[in-house]
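# Overview (structure and organization)
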Amino acid sequence: MFGNDLQDQVEREKRTIPLVVEKCIEALDMRGLEVEGIYRQSGTASESRKLVEAFNNDHPPDLRDPEIYQDVCSITSLLKLFLRSLPEPLIPSNLYDGFMDAIDLPSHEAQLQEFSKLVCRLPEAHFQTMKALMQHLDRVTQNSRVNRMNAKNLSVIFGPTLMRNPDPSKEIVDVTYTNLAIEFLILHTDDLFVAERNHDAEYKQDIPSEENDEVDGGTENSSTGEAQTADSPT
Amino acid sequence: MASQRKVLLKVIILGESGVGKTSLMNQYVNKKFSNQYKATIGADFLTKEVPIDDRLVTMQIWDTAGQERFQSLGVAFYRGADCCVLVFDVNNAKSFETLESWRDEFLIQASPNNPENFPFVVIGNKIDMDESKRMVSQKRAMAWCQSKGNIPYFETSAKEAINVEQAFQTIAKNALQHEVNVKIDFHDPIKIDSDTPDNNGCAC
């Protein structure tokens, strides 16, 4: 299960999101929201290993039972490990540059618009898993007065876990932006992950229509305008 | 005296998330403590000029993120370290139990010439907390340090500036000692520009 492609995994399990993600989130919503440094603290190595084995052998344990798994952080470690082991990260590499450009946009509205488009382009399994995870992280931040993990702190943990520069040598250079992108996703979960994915919006963009032609006409005009301004100083 | 070489000591701080690595560094370098709860991104460093036995050395202190994701920061990061500081929280048993794996990780990545003699310093932080919360006794920590070749052990509070100065004094001394030992085999550097002008050469 660890290290499998996400889409293959959910198809095999006949679920919308992988069982291990669902079980971890369920247990953490119950036991973890008030734990200081939740997700920042790493779990007991031996316990995390046992959990990985249990899921790999199709014997998922009841993570909600504190008698069996005492250390809540072993569950966060399990979830982080699962996400890190995905061959294609939750934010797939073909959308990596898109998110990096989107977070660099000057206005908040433009960022939100671009993020919405990008989120719609996530493959189905990635979208559903991301949605479940972000909604859970949003609940974590709602308790940040107790657990001290606000969106910024969570982004430090999840930035490199959820998105990876296809060129690993650039990872450390990009880290500020990847963290900002994840922070943005956590802070705007409600806007970005609406109840049903708006496939139509994505579909329409690719179909040229009369309306689009008009828009194109407008763009043409403005580009002529730009050319003129560019010319005028000379 | 004037010709004395400038010395740069590289010190690396390792340990679990939330034990106080950043706070210790800030307390030592900037004499400040912040109650803000902030996870460190990747790695960061501060420098401080320290007088040791009549000479002034520059200590470059590398603070690291305790996150698993960054546990393998890579060979380049650890290379050339002169001292490694292992930090745990005396109120958190798990943070003490993982010291061994942090030490191993360092020795694998940095691969110092003489691993048995490489200077480590262990710090048990957060001693300002209530005694009832304490999970790792001084005795237990010291026993571990002894078993690893007598690693110096300090109990500190970055919050209340207890023992931080003393711990870093030892870190600096041991780092300098290591630096001297490593560089002892090196000859004087080749001088490219000579002090006396060369009058014999052709001017064209």
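Residues numbered from 1 in each chain as written. Chains lettered and ligands numbered in written order. Predicted model: local features only at pLDDT ≥ 70, side-chain atom pairs only at ≥ 80, totals over all residues. Heavy atoms only, no water.

Definition in use: UniProt positions are given in the numbering used here, feature names are shortened, and annotations may be inferred rather than shown by experiment.
Quoted verbatim from the Sequence similarities (unreviewed entry) field of the UniProt record, the comment on chain B reads "Belongs to the small GTPase superfamily. Rab family."

You'll find chain A entered in an unreviewed UniProt entry as Rho-GAP domain-containing protein, with Podila minutissima given as the organism.

## Concerning the UniProt feature "domain: Rho-GAP" (unreviewed entry) in chain A
To be explicit about the condition: Put simply, DSSP H or I for four residues or longer makes a helix, DSSP E for two residues or longer makes a strand, and each gets a number counted from the N terminus.
Per the UniProt record, the feature "domain: Rho-GAP" (unreviewed entry) sits at residues 4-193 of chain A. In this annotation, residues 4-193 of chain A is assigned 67% helix and 0% strand; the end-to-end C-alpha distance for the span is 25 Å.

## Concerning the environment of Gly43 of chain A
Operational definition: The buried label goes to any residue with under 20% of its type's maximum accessible area, the exposed label to any with over 50%, and the partly exposed label to all in between, with areas taken from a 1.4 Å probe on protein chains only. Here, two residues are considered to be in contact whenever any of their heavy atoms come within 4.5 Å of each other.
Its location among the elements puts Gly43 of chain A in the loop between helix H2 (19-31) and helix H3 (45-56). Exposure remark for Gly43 of chain A: the relative accessible area of 12% places this residue in the buried category. For the pair Gly43 of chain A and Cys73 of chain A, spaced 30 residues apart in sequence, the C-alpha to C-alpha distance is 4.2 Å. If we skip the residues at most four places from it in the chain, Gly43 of chain A touches Ser48, Asp71, Cys73, Ser74 and Ser77 of chain A together with Lys94 of chain B.

## Details of the packing of aromatic side chains
Two aromatic rings are characterised by how far apart their centres lie and by the angle between their planes. Residues and elements named next belong to chain B. Test applied: Any two rings among Phe, Tyr and Trp, with Trp reduced to its six-membered ring, count as a pair given centres within 6.5 Å; such a pair is stacked if its planes are under 30 degrees apart, edge-to-face if over 60, and tilted if neither.
With the rule as written, the count across this model stands at 14 aromatic pairs over all chains. Taken together, a centroid distance of 5.7 Å and an interplanar angle of 75 degrees make the contact between Tyr78 and Phe106 edge-to-face. In this pair, Tyr78 sits in helix H2 (residues 75-78) while Phe106 sits in helix H4 (residues 99-110), placing the two residues 28 residues apart along the sequence. Grouping residues by exposure puts Tyr78 and Phe106 together as buried. Centre to centre, the rings of Phe106 and Phe118 are 5.0 Å apart; their planes meet at 45 degrees, and the pair counts as tilted. Of the two residues, Phe106 sits in helix H4 while Phe118 sits in the loop between H4 and strand S5 (120-125), which places them 12 residues apart along the sequence. The exposure classification of Phe106 matches that of Phe118, with both residues buried. Site record: aromatic cluster; members linked through ring pairs are Tyr78, Phe106, Phe118 and Phe120.

## As for helix H10 (residues 171-187) of chain A
Residues and elements named next belong to chain A. Heads up, the condition is: An expected span of 1.5 Å times one less than the residue number is assigned to each helix. Throughout, bend refers to the angle between the axes fitted to the seven residues that end at a position and the seven residues that start at it.
Under the 1.5 Å per step criterion, the end-to-end length of H10 is 23 Å for 17 residues, consistent within 8% with the ideal 24 Å. Maximum bend of H10: about 35 degrees, positioned at Tyr177. Listed as buried for H10 are Glu171, Asp174, Val175, Thr178, Asn179, Ala181, Ile182, Glu183, Phe184, Leu185 and Ile186. In this fold, the buried residues of H10 make contact with helix H5 (93-103), helix H6 (108-120), helix H7 (124-142), helix H9 (151-162) and helix H11 (189-192).

## Some details on the interface of chain B and chain A
When the parts of a complex come together, some accessible area is lost, and that lost area is often taken as the interface size. Counted only if it meets this: Simply put, the buried area is the total loss of 1.4 Å probe accessible area from both parts when two parts are fitted together. In what follows, salt bridge is the name for a side-chain nitrogen of Lys or Arg lying within 4 Å of a carboxyl oxygen of Asp or Glu. N or O atoms within 3.5 Å of each other form a polar contact, as long as, within protein, one can give a hydrogen and the other can take it, and as long as residues adjacent in sequence are counted only when both atoms are side-chain atoms. Residues were grouped as follows: Ala, Val, Leu, Ile, Met, Phe, Trp, Tyr, Cys and Pro as nonpolar; Asp, Glu, Lys and Arg as charged; and all remaining residues, including Gly, as polar.
Between chain B and chain A, the residue contacts involve 15 residues of the former and 23 residues of the latter. With both sides pooled, the region where chain B packs onto chain A buries about 1,800 Å², and carbon together with sulfur makes up 48% of that total. Inspection of the region where chain B meets chain A yields 1 salt bridge. Of the charged contacts, one joins Lys94 of chain B and Asp71 of chain A as a salt bridge, the two residues approaching to 3.0 Å between their closest N and O atoms. Run the count over chain B and chain A and you get 7 residue pairs in polar contact (both at pLDDT 80 or more). When its residues are assigned to classes, the side of chain B that touches chain A shows 4 nonpolar, 6 polar and 5 charged.

## A closer look at the packing of H5 of chain A against H10 of chain A
Residue and element names in this part refer to chain A. Basically, it comes down to this: Under this scheme, a helix contributes an axis fitted over its contacting stretch, all axes are lines through C-alpha atoms, and angles between N-to-C directions fall in the 0 to 180 degree range. Each angle gets one of four labels, with under 35 degrees taken as roughly parallel, over 145 as roughly antiparallel, 65 to 115 as roughly perpendicular, and the rest as oblique.
Orientation of H5 relative to H10, taken along the N-to-C sense of each, is 80 degrees, at an axis distance of 9 Å. The orientation of H5 relative to H10 falls into the category roughly perpendicular. Of the residues in H10, those touching H5 at Tyr96, Phe99, Met100 and Ile103 are Asp174, Tyr177, Thr178, Leu180, Ala181, Phe184 and Leu185.

## Quick notes on the pattern of salt bridges
Residue and element names in this part refer to chain A. As enumerated under the stated definition, the model contains 15 salt bridges over all chains in all. Put simply, Asp29 and Arg139 hold a salt bridge, and the shortest N to O gap is 2.7 Å. Here Asp29, found in helix H2, pairs with Arg139, found in helix H7; they are 110 residues apart in sequence, far enough to count as distant. Given a relative accessible area of 24%, Asp29 falls into the partly exposed group. Residue class for Arg139 comes out partly exposed when judged on its relative accessible area of 31%. As a salt-bridge pair, Arg64 and Asp62 come within 3.1 Å of each other at their nearest N and O atoms.

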